[in-house]
Amino acid sequence: MVAGKKKKRYIIGVDLGGTKIMCGALSEDGSQHFAMRSIPTQSEQGADVTMDRMVGLIDAVMLETMEATGASRGDFVGVGIGAPGPLDRERGIVVVAPNLGWRDFPLRDVIHSRVGLHATLDNDANCATVGEWWQGAARGGVNVVGVTIGTGIGGGIIIDSRLFHGASDVAGEIGHTTIELNGRYCKCGNYGCLEAYASGPAIAVRAREALVREESASLMPSLVDGKLDAITAQTVYDAAQQGDAVAQEIVRDTARYLGAGIANILNLLNVDTVVVAGGVTAAGEALFSPLRAEVRRRAFKPAVEAARIVPASLPGTAGVVGAVATFKSQALGAV
């Protein structure tokens with residue numbers, strides 16, 4: 001090693017979702033990304049199987065990074081984990097994760113003991129928001145809210161360039177704000193949550209319901225060989241882009257639900273940036289145009305004029321990037 005040259009170090013980021021686990025490595029300064037990989041979570045097989053899969057993925061990412069950089073295992077500083085919440089960050093516990101079927105699971109310590117590296121834990125939506133703020137579409141924002149739409153709907157809040165966790169680590173649970181007093185049942189146990197209307201599975205449910213109701217023809221059944229149970233949110237986006245009227249109406253309704261939720265955020269927090277992440281962004285302007293219109297209709301004009309509402313620019317990797325950033329914040333003192 002050249003005298004005076006600091007040896008490079010690396011941090012692993014893990015984004016644990018109800019459907020998939022994404023993992024990758026970043027150089028300590030975040031400028032280089034390595035070995036971004038994802039595998040199905042298979043949460044239905046239980047926490048032990050999910051842990052085996054996560055640990056195997058971390059090991060594979062470390063090996064690939066070492067091969068690419070010439071690093072040794074000792075050059076890895078630690079593992080930042082983003083997981084569905086609510087969480088107890090101080091104890092490293094997932095308090096409840098309905099889409100994983102977990103309660104009071106000591107995720108941080110399990111990873112630490114099995115991987116042998118210092119680990120930190122934060123909410124997956126917090127991580128995605130921080131990732132977009134650090135290196136993505138929300139870069140330059142000071143007061144930022146992220147909305148992540150996947151198996152569930154999560155959120156992250158950055159106030160004065162610092163992640164806001166709240167009094168008990170549950171700030172940012174945007175998906176569990178109520179938009180319909182006596183509405184659809186949500187897996188959290190409440191009724192009328194935003195997540196029950198605009199998450200990926202909820203979009204698919206509304207599509208199947210529409211196909212049962214609608215007499216008009218739709219492309220969606222043909223896209224899944226007539227198996228309505230196989231319809232996903234992606235099926236809806238694909239059909240909408242091909243001009244399917246039923247699918248387009250579902251996308252518009254989704255935009256209105258999300259617009260109502262984001263209008264509440266703007267009226268409450270008056271942020272400068274709202275970044276929307278997840279598969280729903282595949283709908284493009286078919287989603288964002290009516291979404292922004294709904295926000296304009298519902299939020300105060302000064303709040304609307306101060307905010308930009310943008311799609312995420314780190315598709316698939318924001319959670320990993322943000323997990324690394326939250327590790328740096330928690331373990332090293334600064335991003």
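Residues numbered from 1 in each chain as written. Predicted model: local features only at pLDDT ≥ 70, side-chain atom pairs only at ≥ 80, totals over all residues. Heavy atoms only, no water.

A. The overall build of the protein, seen in detail. Along the backbone of the protein there are 11 helices and 13 strands. Taken against the 2.2 N^0.38 rule, which gives 20 Å for 335 residues, the C-alpha radius of gyration of the protein at 20 Å falls within 12% of a compact globule. Its C-alpha atoms give the protein principal-axis dimensions of about 70 × 45 × 35 Å. The buried share of the protein, taken over its 335 residues, is 52%. The contacts in the protein between residues at least 6 apart in sequence include a share of 62% that link residues at least 24 apart. Summed over all atoms, the accessible surface of the protein reaches about 14,900 Å², with 51% contributed by carbon and sulfur. Computing the positive centroid from 31 side-chain charges and the negative centroid from 35, the protein places the two 4 Å apart. (Helix = DSSP H or I, 4+ residues; strand = E, 2+ residues; numbered from the N terminus. Rg over C-alpha atoms; globule rule 2.2 N^0.38 Å. Buried < 20%, exposed > 50% of the residue type's maximum accessible area, 1.4 Å probe, protein only. Contact = heavy atoms within 4.5 Å. Areas by Shrake-Rupley, 256 points an atom, 1.4 Å probe, with all protein chains shown as cover. Lys, Arg positive; Asp, Glu negative; His and termini not counted. Charge placed at Lys NZ, Arg CZ, Asp CG, Glu CD.)

B. Here's a closer look at helix α9 (residues 285-298). Between the first and last C-alpha of α9 there are 19 Å, a value that for 14 residues agrees with the 20 Å anticipated at 1.5 Å per step. Among the residues of α9, Leu287, Phe288, Leu291, Glu294 and Val295 are the ones counted as buried. Seen end-on, α9 carries its buried residues on one side only, within an arc spanning 130 degrees. Exposed and facing more than 90 degrees away from the buried side of α9 are Arg296 and Arg297. Taken together, the buried residues of α9 touch α8 (245-269), β12 (273-278), α10 (301-306) and β13 (308-311). (Expected span 1.5 Å × (residues − 1). Arc of directions from axis to C-beta.)

C. Highlighting the pairing of strand β8 (residues 118-123). Among the 6 residues in β8, 5 count as buried, and that is most of the element. For strand β4 (residues 76-83) and β8, the ladder comprises 6 bridges, and the chain directions are parallel. Counted as the bridge partner of glycine 82 is aspartate 122 from β8. (Pairing = 2+ DSSP bridges.)

D. Structural detail: the sheet that holds strand β7 (residues 102-105). Spatial strand order, β5-β6-β7: 3 strands in an open sheet with antiparallel pairing. With partners counted over all chains shown, the strands left at the sheet margins are β5 (87-88) and β7, one partner each. Bridge analysis of β5 against strand β6 (residues 93-97) gives 2 bridges, and the strand direction is antiparallel. The residue of β6 that forms the bridge with leucine 87 is valine 94.

E. Here's a closer look at the packing of helix α3 (residues 124-135) against helix α11 (residues 318-332). Direction vectors running N to C along α3 and α11 enclose 90 degrees, while the axes themselves pass 6 Å from each other. With respect to each other, α3 and α11 are oriented roughly perpendicular. For the pair α3 and α11, the contacting residues are Cys127, Ala128, Val130, Gly131, Glu132, Trp134 and Gln135 in the first and Ala318, Gly319, Val321, Gly322, Ala323, Val324, Ala325, Thr326 and Lys328 in the second. Counted by class, the contact of α3 with α11 contains 9 nonpolar, 5 polar and 2 charged residues. (Axes fitted to C-alpha atoms, helices over the stretch in contact; angles between N-to-C directions. Parallel < 35°, antiparallel > 145°, perpendicular 65-115°, else oblique. Nonpolar A, V, L, I, M, F, W, Y, C, P; charged D, E, K, R; others polar.)

F. Region of interest: the side chain of threonine 41. Within the secondary structure layout, threonine 41 lies in the loop between β3 (33-40) and α1 (47-69). For threonine 41, a relative accessible area of 0% translates into the label buried. Here lysine 20 takes part through its backbone nitrogen, which lies 2.9 Å from a polar atom of the side chain of threonine 41. Non-local contacts of threonine 41, meaning those with residues more than four positions away in its chain, are made with Leu16, Gly17, Gly18, Thr19, Lys20, Ile21, Thr50, Arg53 and Leu100. (Polar contact = N/O pair within 3.5 Å; in protein donor to acceptor, adjacent residues only side chain to side chain.)

G. Highlighting the state of the cysteines. In this structure the tally under the stated criterion is 0 disulfides. Cysteine 23 takes part in no disulfide bond, and the closest cysteine sulfur, belonging to cysteine 127, lies 13 Å away. (Disulfide = S-S within 2.5 Å.)

H. View of the pattern of salt bridges. Within the structure shown, the criterion is met by 16 salt bridges. As a salt-bridge pair, arginine 298 and glutamate 294 come within 2.6 Å of each other at their nearest N and O atoms. A residue pair is termed a helical-turn pair when its members lie 3 or 4 positions apart in one helix, as arginine 298 and glutamate 294 do in helix α9 at 4 residues. A residue is classified by how much of its surface remains accessible, and arginine 298, at 44% relative accessible area, is partly exposed. (Salt bridge = Lys/Arg side-chain N within 4 Å of Asp/Glu carboxyl O.)

Everything listed here is a matter of geometry and, on its own, says nothing about what the molecule does.
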